[in-house]
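Read off the chains here:
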Amino acid sequence: MSIKIDKKENRITLKTKNTMYVMQILFDRFPVHLYYGKNSPKADLTYRARNTSYSPNYEEYGFTYVPNAEMVEFPFYGNGDYRADALRLRDMTSGSKVTEFIYQKARKFKGRKDIPGLPFADANENTETLELTMTDKFTGCTLKLYYTLFPECDIISRYFTLENGGNGDVRIEKCMSLSLDLPDMNYEMISFCGSHCMERIPQITPLFRGNQRVESKRGASSHQANPFIMLAANGAKEESGNVYGFNFVYSGSFLDEVETDFNGTTRVAVGLGSDNFSMLLKPGEEFSSPEAIMTFSSSGIGTVSRNMHSFIRSHILPAEKYEKRPVVLNSWEAFYFDIDEDIMIDFAKAAKECGADMLVMDDGWFGKRINDRAGLGDWYENPDRFKDGLAPFADRIHAQDVKFGIWIEPEMVNPDSDLFRAHPDWILLAPGRDPLVARHQHVLDFANPDVLEYIKNILSACFDGVAIDYFKWDMNRHMCSVYSPVLPPERQDETAYRYMLGVYELYRWLTERYPNAMIENCSGGGGRYDLGMMKYSTQIWTSDNTTPADRVFIQYGSSFGYPASTMSCHVATGIGSLEDKNKLDFGYRTALAGPLGYEFNALKATDELKKTINAQIDEYRRYEHLILRGDFYRMLNPLECGCSAYCFASDSRSELLFTLLRCGNDGGTDMLKRFTDSLKTGKSRTVPESFRVRFAAAKRNTVYKDMISGECFDGDTLRRGITVNVPKEGLYSKMMYLVED
Ligand code: DGJ
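Conventions adopted
Residues numbered from 1 in each chain as written. Predicted model: local features only at pLDDT ≥ 70, side-chain atom pairs only at ≥ 80, totals over all residues. Heavy atoms only, no water. Pairing = 2+ DSSP bridges. Helix = DSSP H or I, 4+ residues; strand = E, 2+ residues; numbered from the N terminus. Axes fitted to C-alpha atoms, helices over the stretch in contact; angles between N-to-C directions. Contact = heavy atoms within 4.5 Å. 1 Å grid on protein atoms, 1.4 Å probe; cavity = no way out; pocket = protein on both sides within 12 Å on 5 of 7 lines; lining within 4 Å. Points joined across faces, edges and corners; volume = space filled by probe spheres on them. Nonpolar A, V, L, I, M, F, W, Y, C, P; charged D, E, K, R; others polar. Buried < 20%, exposed > 50% of the residue type's maximum accessible area, 1.4 Å probe, protein only. Right-handed = clockwise from strand over helix to strand, strands pointing away. Salt bridge = Lys/Arg side-chain N within 4 Å of Asp/Glu carboxyl O.

A. Molecular detail of the sheet that holds strand E23 (residues 403-408). Read once around its circumference, the closed barrel built from eight strands follows the order E21-E22-E23-E26-E27-E28-E29-E30, with strand pairing classed as parallel. Averaged over neighbouring strand pairs, the angle between their axes works out to 30° when direction is ignored. With respect to the sheet, helix H10 (residues 581-591) is in contact with strand E29 (567-572) and strand E30 (596-599), its orientation differing from that of E29 by roughly 170°.

B. Representation of unusual backbone geometry within the structure. The backbone of Arg200 sits at a positive phi, close to 55°, despite the residue not being glycine. Looking at the element boundaries, Arg200 is found in strand E12 (residues 198-206). Phi at Arg653 is positive, roughly 65°, even though this residue is not glycine. Relative to the assigned elements, Arg653 resides in the loop between strand E32 (643-649) and strand E33 (655-662).

C. Spotlight on empty space enclosed by the protein. Under the counting rule described, the total for this entry stands at eight cavities of 30 Å³ or more. In this structure, the largest cavity occupies an estimated 140 Å³ of space. Tyr65, Val72, Phe74, Phe76 and Asn79 are the residues nearest the centre of the largest cavity, which is lined by 15 residues in total. A breakdown of the residues in the lining of the largest cavity according to their chemical character gives 11 nonpolar, one polar and three charged. In this structure, the second largest cavity occupies an estimated 100 Å³ of space. Every residue lining the second largest cavity is counted, 14 residues in all, and those nearest its centre are Gln555, Tyr556, Ala593, Phe632 and Tyr646.

D. Just the pairing of E30, in detail. Here E30 shows two buried faces, one formed by Leu596 and Tyr598 and the other by Gly597 and Glu599. Note that strand E21 (residues 328-330) and E30 share two bridges and pair parallel. Counted as the bridge partner of Leu329 is Tyr598 from E30. Where E29 and E30 come together, four bridges link them in parallel fashion. Residue Cys569 lies in a different strand from E30, and its bridge partner there is Leu596. Traced from E29 through H10 to E30, the parallel crossover comes out right-handed.

E. The pattern of salt bridges, seen in detail. The final tally for this structure, using the stated rule, is 43 salt bridges. We note a salt bridge from Lys324 to Glu624, for which the minimum N-O separation is 3.7 Å. In this pair, Lys324 sits in the loop between helix H1 (301-316) and E21 while Glu624 sits in helix H11 (residues 607-629), placing the two residues 300 residues apart along the sequence. Judged by its relative accessible area of 43%, Lys324 is partly exposed. One network of salt bridges, with partners in common, ties together Asp85, Arg88, Lys174, Arg213, Glu215, Lys217, Glu257 and Asp275.

Printed below as a string of structure tokens:
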């Protein structure tokens, strides 16, 4: 077992492959944190005296236990710890929100517990869980803290359950699933903020005395913020140094909070926060927080990414539906809303001629959806466009020897729709307020079980009996006026959270009802690029920005927390003309960073272009095992030098797939420049003309042959680094497929 509960020493130790986490129960009542870092006999577990001045203490323990000066396992509001709290619980009878839970017992077990209604990581034979039970005598509540170990990925997950065993109501007013105290503050925080069409751009900020937060209040994890953050010890690099990583298995509003105090310690917490959430618990009711995860590596930022990648691949993502991920041809950038049965059948033929495996019919096939002003909510085919119905249409698509995928956006409704006309009270809207639209649409109240039931019924009436191989589930606006008419006033702060439970319920329903269909998640591109969505969707549409010179940055940022297998990459109209060989090459090589797809008007493609795409898809298939399952190494940071370079390595390191993309100051939109300027990173964006790239994944004492150029390299040389020269101007890419000779 990797969990040791030492009752004599009152100490609990958790061990994963390379990490160790240690806590101590002080005075049989306070769980304090001793250590999280490298698994080493030299780990410093000594208790360090801290400045206790002006901090209240218990008379009986004197200065041996001062809440504000301790590293604690789980901090509460109002009991003398002035730093960020993880749990704030209001006793509704007295009105007090002073919270204090006292340790009762610890137990460990194989596997894990399910978290009702929420996505959570799957256990395997190595998974073990520690459960700490604490009680609050005043409210009668029982708190259970869960630590689940995924040892082979160096991941520990955290969440809690709270049961109201008292006689009165209580309300959770702040909920953080994970809180971790670190003994120093010598870290830089790496966070991944962005915007629509420029998601997850890394931002590095040193920790300072005070509180820094990454959060979303949008009801979605969002384009603007992402729950994944890293704390990198000063001086840490891609392949060296101490680095922590944190994430949240949730897709709605969230809070990541990092606070340092006058003792120079750091507290990092991940959870639902307090601004967008509270939960009333009546006597006998129980609440489970969403799961948060953490990892550590003493060998750099790259290893933390790889820990996250392997964890997501083996414990979060759904099982693959097909032997190979289908290469899709998507209709959106080809036709936008101007689609009908005949166009789609021709498009399916063109997909086949290009060598694609699946035709995805995007927006525009249902209700009165001829533009984005109407139709959302009316999930039946537009009879003017699909005369014989969806089932025969799907059969005709399959007759072209390609799979059939279809677009849906079940959480939304247009005011101009039959659904909204029949049920204007089924949207999120505060009483007495006028609704605001975004993209001419409202958010349906998924906290209302009747709405969910209706959506399930209308979707099944539409899709039952239709041979669907893939759903693209989109979500194109964020919440405001968050209020559910079916919840009582005292439960209104639960709306956004209950909405997410509704979304997850519908995901599970869709998965069970159409077991043969894979799901691609999308939210105006990568607006819900998170572990909650990854639990149900095999891949995610990375961004609506398909300009390769921008995509390089978006994919670079996304790679820190998420594996390439989730990053849907299309060669699309953002390239400009696909007939331009240079641009097509660069776009295709940029897209070799995740599951490949195409999105352009293939009806107009020349035979020459179709031939080229066939060859690209054949080549992708040769590399696919590395892209989707290999270990990922970042080698150059495009934000620093305008050039991205990375490598996928096979398990045994006998195959390395290297890509260098020089996107520089040309070829992209000015969006990145605006964004980086606004961050004031101060980094130079001049593009050098030669780059040194080091292959940390290369094996020593071995010779690799580049199957593209025929050149041979020895592994030690690759590890020390080789120089790649790039031309002065223009888009430039270089790939090497290095195979052990
Ligand atoms: C936003 C998505 O990101 C696009 O790919 C496309 O599906 C549109 N929505 C359709 O409305």
